[in-house]
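Now for the letters of each chain:
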Amino acid sequence: MKKNLSLIVLVAFVVSVINVFAIINSSNDTSVQAIVESNICTAQGDFMPAPFNEIDETIVEELSIEKNDLICSAQGGVRPPPWDDEEDYVPSGS
Amino acid sequence: MITFIQQYGVVILHPIVLICWFLVYKNKSGDSQLTNFSIKMMMIFLLIFIIWDFIALLFSDNVSLARNIYLFFWVIITIYEFFVILKALFISLSFGKSQNKILLIILFILSIPVILAAILSHTKRTYNPINTTDFYNMILLLFGTVLILRNILSTGFFVDNIESFFIYTGFALYFGLHILASNTVSINFRYYWFFAQYATLISLIYWMGSVFFIWKIKSKHLF
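Here the structure is a predicted model, which means the values were calculated and not measured.

Scoring rules and cut-offs
Residues numbered from 1 in each chain as written. Chains lettered and ligands numbered in written order. Predicted model: local features only at pLDDT ≥ 70, side-chain atom pairs only at ≥ 80, totals over all residues. Heavy atoms only, no water. Helix = DSSP H or I, 4+ residues; strand = E, 2+ residues; numbered from the N terminus. Buried < 20%, exposed > 50% of the residue type's maximum accessible area, 1.4 Å probe, protein only. Contact = heavy atoms within 4.5 Å. Areas by Shrake-Rupley, 256 points an atom, 1.4 Å probe, with all protein chains shown as cover. Phe/Tyr/Trp six-rings, centres within 6.5 Å; stacked < 30°, edge-to-face > 60°. Buried area = accessible area lost by both parts, 1.4 Å probe. Salt bridge = Lys/Arg side-chain N within 4 Å of Asp/Glu carboxyl O. Polar contact = N/O pair within 3.5 Å; in protein donor to acceptor, adjacent residues only side chain to side chain. pLDDT = per-residue confidence, 0-100. Core = buried A, V, L, I, M, F, W, Y, C linked by side-chain atoms within 4.5 Å. Axes fitted to C-alpha atoms, helices over the stretch in contact; angles between N-to-C directions. Parallel < 35°, antiparallel > 145°, perpendicular 65-115°, else oblique. Left-handed = near helix turned anticlockwise from the far one by under 90°. Nonpolar A, V, L, I, M, F, W, Y, C, P; charged D, E, K, R; others polar. Patch = residues over 30% accessible without salt bridge, like charges linked within 9 Å, V, L, I, M, F, W, Y side chains within 5 Å.

> An account of the overall build of chain B is needed here, citing residue identities and associated values.
Along chain B, the regular secondary structure elements total 7 helices and 0 strands. For chain B, the N- to C-terminal ordering of α and β elements is α-α-α-α-α-α-α. Across the 223 residues of chain B, 53% fall into the buried class. Across chain B, the fraction of contacts at a sequence separation of at least 24, relative to all contacts at a separation of at least 6, is 73%. For chain B, the accessible surface area stands at approximately 10100 Å², while carbon and sulfur atoms represent 73% of it.

Encoded structure:
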């Protein structure tokens, strides 16, 4: 019983510590994508809260489509790299 | 129709599911300690959501206040979910009441990141902290739920725990689908919220449907 209890306390503590670091990192992320994503709440709840900042809708649309087009979501264990580097492009026939 | 389901589907389903589980609560007899606790906690869980929805609808015109109401209830429901899963885990592992102090300490440890995330979201005007912590919390809650289900299935009194089984499989569905909705590696982040709403909708339909199966399995007249 003590073993089970210690394990529960340990898991709760470790996850909380990881959680705190992840929260602080995510709140300090200043990349364009992080700022755009920070406007959209994905936590639980029935009514979506209003966004905090006014962000140009075209940037959101572009980022969303860009992410959608470049990232492979088909089955497989290791995700292949995205098709965003021009140096990857090999013209047909060469 | 799709817009209506997206906006009000879960709001309408919460009281319906609460009524269904109240009927189960009224007709229960000779159930285990875990089942008695789980049904009560399930009804309070639904009640918190109903109050949350009611207040959110009432102050939907005031954007700033609506945001703070969201953050406040998000903290309440997350800590409540931790309490329910932890207490159910303690009951299913046959821990005595003497362990209640340890339960409170664990609950306190788990509440720190939740409260911190809500404060940071409010002060830094970003949803990233609560999105991040919701993701980690859901993993932890799913893990706890799976352990409870394991304990229910390993005991020899499955029929006594049938309500608990359906409540926690519903929670496993709810937490599992919300992990998909709140994770940061999925594509098309713009639609995560709607994915989360459908996750809630699916779980509520499951909980509602499970009342029928409980009635059929236990052969009790609920209606």
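Additional details are given in the paragraphs that follow.
> Please provide a residue-by-residue account of the overall build of chain A, values included.
In terms of regular secondary structure, chain A is built from 3 helices and 0 strands. Reading chain A from its N terminus to its C terminus gives the helix and strand order α-α-α. Every one of the 94 residues in chain A was classed for burial, and the buried ones make up 30%. Counting every atom, chain A has about 6500 Å² of accessible surface; 59% of that belongs to carbon and sulfur.

> I'd like a description of the environment of Ala12 of chain A, backed by residues and values.
In this fold, Ala12 of chain A is placed in helix 1 (residues 2-28). Here Ala12 of chain A falls in the buried class, since its relative accessible area comes to 4%. Among all residues touching Ala12 of chain A, those that are not within four sequence positions of it are Ile106, Ile109 and Leu110 of chain B.

> Requested: an account of the packing of aromatic side chains, with residues and values cited.
All names here are of chain B. Counted under the stated rule, the structure contains 20 aromatic pairs over all chains. Between the aromatic rings of Phe49 and Trp52, the centroid separation amounts to 5.4 Å while the plane-to-plane angle is 20°, which identifies the pairing as stacked. Here the residue Phe49 and the residue Trp52 both occupy positions in helix 2 (residues 33-58), the gap between them amounting to 3 residues, near one helical turn. When sorted by exposure, Phe49 lands in the same class as Trp52, which is buried.

> Describe the interface of chain B and chain A, naming the residues involved and giving the relevant values.
Opposite the 64 residues of chain B that make contact, chain A presents 48 residues. Counting the surface lost from both chain B and chain A, the interface buries some 5000 Å², and carbon and sulfur atoms represent 66% of this. For the pair chain B and chain A, the number of links is 0 salt bridges. Summed over the shared surface of chain B and chain A, the result is 10 residue pairs in polar contact (both at pLDDT 80 or more).

> Which residues make up the confidence of the model for chain A, and what values do they have?
For chain A, per-residue confidence averages 71 on the pLDDT scale, and 54% of positions sit at 70 or higher. Of all secondary-structure elements in chain A, the lowest mean pLDDT belongs to helix 3 (residues 57-70) of chain A, at 61, while helix 1 of chain A reaches the highest, 86.

> Let's hear about the nonpolar core: which residues, and what values?
Judged by nonpolar contacts, the single largest core of 78 residues is most densely connected at Trp21, Phe45, Tyr70, Trp74, Ile130, Tyr168 and Trp207 of chain B. Of all the elements in the fold, those that place two or more residues in this core are helix 1 of chain A together with helix 1 (2-26), helix 2, helix 3 (63-92), helix 4 (100-124), helix 5 (128-154), helix 6 (162-182) and helix 7 (192-218) of chain B. The element contributing the most residues to this core is helix 3 of chain B, with 16 residues. Not counting the four nearest positions on each side in its chain, Phe45 of chain B is found in contact with Ile77, Tyr80, Glu81, Phe171, Tyr174 and Trp207 of chain B.

> Go over the side chain of Asn151 of chain B with me, naming the residues and quoting the values.
All names here are of chain B. Relative to the helices and strands, Asn151 resides in helix 5. Judged by relative accessible area, Asn151 falls into the buried class, the value being 7%. Beyond its immediate chain neighbours, meaning those up to four positions away, Asn151 contacts Leu89, Ser92 and Leu93.

> Which residues make up the side chain of His14 of chain B, and what values do they have?
With respect to the helices and strands, His14 of chain B occurs in helix 1. If sequence neighbours within four positions are ignored, His14 of chain B has contacts with Asp46 of chain A together with Leu46, Phe49, Ile50, Asp53, Thr200 and Leu204 of chain B.

> Please set out the confidence of the model for chain B residue by residue, giving values where relevant.
With 90% of its residues at a pLDDT of 70 or more, chain B has an overall mean of 85. Across the interface, the model reports ipTM at 0.75; the global pTM reads 0.83.

> Just give me the short version of the packing of helix 3 of chain B against helix 4 of chain B, but keep the residues and values in it.
All names here are of chain B. Contact geometry of helix 3 with helix 4 gives a least axis separation of 10 Å together with a crossing angle of 160°. Between helix 3 and helix 4, the interaxial angle falls into the category roughly antiparallel. Considering how the two elements wind past one another, helix 3 and helix 4 form a crossing that is right-handed. Between helix 3, through Asn68, Leu71, Trp74, Val75, Thr78, Ile79, Phe82, Phe83, Leu86, Lys87 and Phe90, and helix 4, the contact on the second element is made entirely by Asn100, Leu103, Ile106, Leu107, Leu110, Ser111, Val114, Ile115, Ala117, Ala118, Ser121 and His122. Of the residues that constitute the contact of helix 3 with helix 4, the class distribution is 16 nonpolar, 6 polar and 1 charged.

> Account for the environment of Asn100 of chain B, naming residues and giving values.
Residue and element names in this part refer to chain B. Tracing the backbone through its elements, the reader meets Asn100 in helix 4. Overall, the relative accessible area of 30% leaves Asn100 in the partly exposed class. The spacing of Asn100 and Lys87 is 13 residues in sequence and 8.6 Å in space, taken between C-alpha atoms.

> I'd love a proper account of a nonpolar patch on the surface, names of residues and values included.
A grouping of Leu7, Leu10, Phe13, Val14, Val17, Ile18 and Phe21 of chain A is seen on the molecular surface, where their side chains present a nonpolar patch of about 660 Å² in accessible area. Structurally, Phe13 of chain A is set in helix 1.

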